Amino acid sequence: MANCLNENRMKIEFLICTYNEGIYKIENLIMEENKDIRYLISHQITKSNLNISDCDFLKRKDIEYYSLYNKGVSKNRNNLLSKASGDICFISDDDVVYDMSNIRAVIKAFSENPDLDIYVGKIETYKGEPEYKEYSHKHKKLKLKDIGSVSSIEMVLRRSSFENSGVIFDERFGLGGKLYPKGEEAIFLSDCLKQGLKIEYFPQYIVKHPKESSASSVAYDAKETEYMGALSARIFKKIAILAGIAFSIKHFNRYKNYFSPIKYLHYFKKGINNLNKNS
C-alpha cells in the first residue's frame with residue numbers, strides 16, 4: 001500500500017453514485033491504494049439480470065459497496081452521506097477520474113482553512129475539448145446568487161460540518177427524482193448556506209469529465225419554466241413569486257418565442273403550486 005496522502009492524516013472518501021451498468025466504469029476512477037483514501041459506492045439497481053461478479057475491484061479493502069433497489073440520484077447521494085466516515089468527502093460519479101496532485105490541493109485548502117465547510121472547484125475536460133463551463137479565475141466565498149451553476153462533482157465536503165446540520169439532497173429533485181430531473185445541487189447548497197455553512201470556490205481543477213452541453217443554452221418553454229417555479233419555491237419559499245417576476249424580465253429572450261411574460265408567470269406559478277402540493 002502506498003504512503004499516506006497528507007501530513008495531517010485527513011481521511012479522504014470518494015462518494016461514488018452509479019446506476020445499473022455504470023458500475024463497470026468505476027474501475028477507471030479507482031487509483032492506486034493509499035492509506036488515507038477510501039471509496040464508497042452506492043449502486044442503484046433496477047435490472048434483475050445485472051451481474052457484477054466480474055467487478056474484481058470491488059474486492060479491494062479500501063472499497064465499500066452498497067446496493068439500492070430503486071432510482072433517483074439524490075436518494076443515492078443521501079445513502080452515501082449516511083455511510084460516510086471520512087474527514088473530507090468528494091461527491092463523485094462513475095464517469096470521472098482524479099489526479100493525486102489535485103486531491104492534495106483540495107486537502108491543503110481544508111487544512112489551511114479550518115472554517116471551510118464546502119470546497120467548490122473546477123471540472124477539467126479532455127484534450128481538444130473546450131472548458132466545461134466559464135469559470136472565475138478568483139478564489140471567493142459563495143453566496144446564494146453564486147450556487148445555481150455548481151455541479152455535484154465540483155463539490156468536496158468536510159463531513160463533520162454535516163453531522164448536526166441536517167442537510168441532505170432533496171429527493172424530489174435530480175435525475176430520477178420524484179418531481180424534477182435536476183436542481184438538487186442548488187437546493188443542497190442553499191440549505192447549507194441557510195445552516196451557516198461556509199462555501200468557497202477555488203480556481204483549481206479537482207476532477208476530470210468529458211465536456212457536456214452548457215445549461216446556459218436551455219430555452220424556457222413551459223416545462224422548464226414550471227421547473228424554475230418549483231426550484232424557486234424550494235429555495236426562496238414565500239417570496240418565490242417575486243423571483244419569478246425578476247426571472248421573467250431577466251430571461252425574456254429565452255422564452256419570448258414560446259409565450260408572453262404573463263404566460264411565463266402562469267407556468268412559473270404552476271411549478272410553485274406543484275412543489276407545495278408535494279411538500
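Residues numbered from 1 in each chain as written. Predicted model: local features only at pLDDT ≥ 70, side-chain atom pairs only at ≥ 80, totals over all residues. Heavy atoms only, no water.

Student: An account of the packing of helix α4 (residues 222-236) against helix α7 (residues 261-277) is needed here, citing residue identities and associated values.
Tutor: For the pair α4 and α7, interaxial distance at closest approach is 7 Å and the crossing angle is 50 degrees. It follows that α4 is oblique to α7 by the angle criterion. When the axes of α4 and α7 are compared, the crossing they make is right-handed. Here α4 contributes Ala222, Thr225, Glu226, Met228, Gly229, Ala230, Ser232, Ala233 and Arg234 to the contact with α7, which in turn contributes Tyr264, Tyr267, Phe268, Lys270, Gly271, Ile272, Asn274 and Leu275. (Axes fitted to C-alpha atoms, helices over the stretch in contact; angles between N-to-C directions. Helix = DSSP H or I, 4+ residues; strand = E, 2+ residues; numbered from the N terminus. Parallel < 35°, antiparallel > 145°, perpendicular 65-115°, else oblique. Left-handed = near helix turned anticlockwise from the far one by under 90°. Contact = heavy atoms within 4.5 Å.)

Student: Explain unusual backbone geometry to me, using residue names and the numbers behind them.
Tutor: Positive phi, normally seen in glycine, also occurs at Asn20, with a value near 50 degrees. As for its placement among the helices and strands, Asn20 is situated in the loop between β1 (12-19) and β2 (37-44). One non-glycine residue, Lys237, lies in positive phi territory at about 55 degrees. Mapped onto the elements, Lys237 comes out in the loop between α4 and α5 (240-250).

Student: So, a nonpolar patch on the surface: which residues are in play, and what are the values?
Tutor: Taken together, the side chains of Ile239, Ile241, Leu242, Ile245 and Ile249 make up a nonpolar region of the molecular surface, amounting to roughly 470 Å² of accessible area. Note on placement: Ile239 falls in the loop between α4 and α5. (Patch = residues over 30% accessible without salt bridge, like charges linked within 9 Å, V, L, I, M, F, W, Y side chains within 5 Å. Areas by Shrake-Rupley, 256 points an atom, 1.4 Å probe, with all protein chains shown as cover. Salt bridge = Lys/Arg side-chain N within 4 Å of Asp/Glu carboxyl O.)

Student: Break down the sheet that holds β2 for me, citing the residues and quoting the values.
Tutor: Here we have 8 strands laid out as an open sheet, ordered β3-β2-β1-β4-β7-β5-β8-β6, and mixed in their pairing. The open sheet has two edge strands with one neighbour each: β3 (63-68) and β6 (140-141). Across 3 bridges, strand β5 (residues 118-124) lies against strand β7 (residues 155-158) in antiparallel orientation. In the strand pairing of β7, Tyr119 is matched with Val156. (Pairing = 2+ DSSP bridges.)

Student: Could you give an account of the side chain of Asp146, with specific residues and numbers?
Tutor: Here Asp146 lies in the loop between β6 and β7. Relative accessible area serves as the criterion here: at 18%, Asp146 is assigned to the buried category. One polar contact links the side chain of Asp146 to the main-chain amide nitrogen of Lys143, over a distance of 2.8 Å. If we skip the residues at most four places from it in the chain, Asp146 touches Lys140 and Lys141. (Buried < 20%, exposed > 50% of the residue type's maximum accessible area, 1.4 Å probe, protein only. Polar contact = N/O pair within 3.5 Å; in protein donor to acceptor, adjacent residues only side chain to side chain.)

Student: Could you give an account of the packing of aromatic side chains, with specific residues and numbers?
Tutor: For any pair of aromatic rings, the description consists of the separation of the ring centres together with the inter-plane angle of the planes. The final tally for this structure, using the stated rule, is 18 aromatic pairs. Ring plane angle 40 degrees and centroid distance 5.3 Å describe the contact between Phe259 and Tyr267, whose orientation is recorded as tilted. The pair Phe259 / Tyr267 is uniform in exposure class, with both members buried. An aromatic cluster is built from Tyr220, Phe247, Phe252, Tyr255, Tyr258, Phe259, Tyr264, Tyr267 and Phe268, whose rings are joined through pairwise contacts. Above the ring of Tyr205, the side-chain terminus of Lys122 is found at 4.4 Å from the ring centroid. (Phe/Tyr/Trp six-rings, centres within 6.5 Å; stacked < 30°, edge-to-face > 60°. Lys NZ or Arg CZ within 6 Å of the ring centre and 35° of its normal.)

Student: Could you give an account of the environment of Ala219, with specific residues and numbers?
Tutor: Residue placement: Ala219 occurs in the loop between β8 (199-208) and α4. A sequence separation of 38 residues divides Ala219 from Asn257, and the C-alpha atoms of the two residues are 9.3 Å apart.

Student: Go over the environment of Tyr255, please, and point to the residues and values.
Tutor: Within the secondary structure layout, Tyr255 lies in helix α6 (residues 252-255). For Tyr255, a relative accessible area of 0% corresponds to the buried category. Measuring from C-alpha to C-alpha, the distance between Tyr255 and Gln204 comes to 35 Å, with 51 residues separating the pair along the chain. Apart from residues no more than four positions distant in its own chain, Tyr255 is found in contact with Tyr220, Ser248, Ser260, Pro261 and Tyr264.

Student: So, the packing of helix α3 (residues 184-194) against α4: which residues are in play, and what are the values?
Tutor: α4 packs onto α3 with a crossing angle of 15 degrees between their chain directions and a minimal axis gap of 10 Å. Relative to α4, α3 is oriented roughly parallel. In this structure, α3 crosses over α4, and the sense of that crossing is right-handed. Residues Ala186, Ile187, Ser190, Asp191 and Lys194 of α3 form the contact with α4, whose participating residues are Leu231, Arg234 and Ile235. Taken together, the residues of the contact of α3 with α4 break down into 4 nonpolar, 1 polar and 3 charged. (Nonpolar A, V, L, I, M, F, W, Y, C, P; charged D, E, K, R; others polar.)

Student: Quick rundown of the pattern of salt bridges? Include the residues and the values.
Tutor: Enumeration according to the criterion identifies 20 salt bridges in this entry. Salt bridges sharing common partners tie together Asp170, Arg172, Asp191 and Arg234.

Student: Tell me what's going on with the pairing of strand β4 (residues 88-93), and back it up with residues and numbers.
Tutor: With 5 of its 6 residues buried, β4 lies for the most part within the structure. In terms of strand pairing, β4 meets β7 through 3 bridges, oriented antiparallel. Looking at the pairing, Ile88 lines up with Arg158 of β7.

Student: Pulling in residues and values, what's your account of helix α1 (residues 73-83)?
Tutor: Those residues of α1 not exposed but buried are Val73, Ser74, Asn76, Arg77, Asn78, Asn79 and Leu80. Summarising the contacts, the buried residues of α1 are in contact with β1, β2, β3, β4 and α3.

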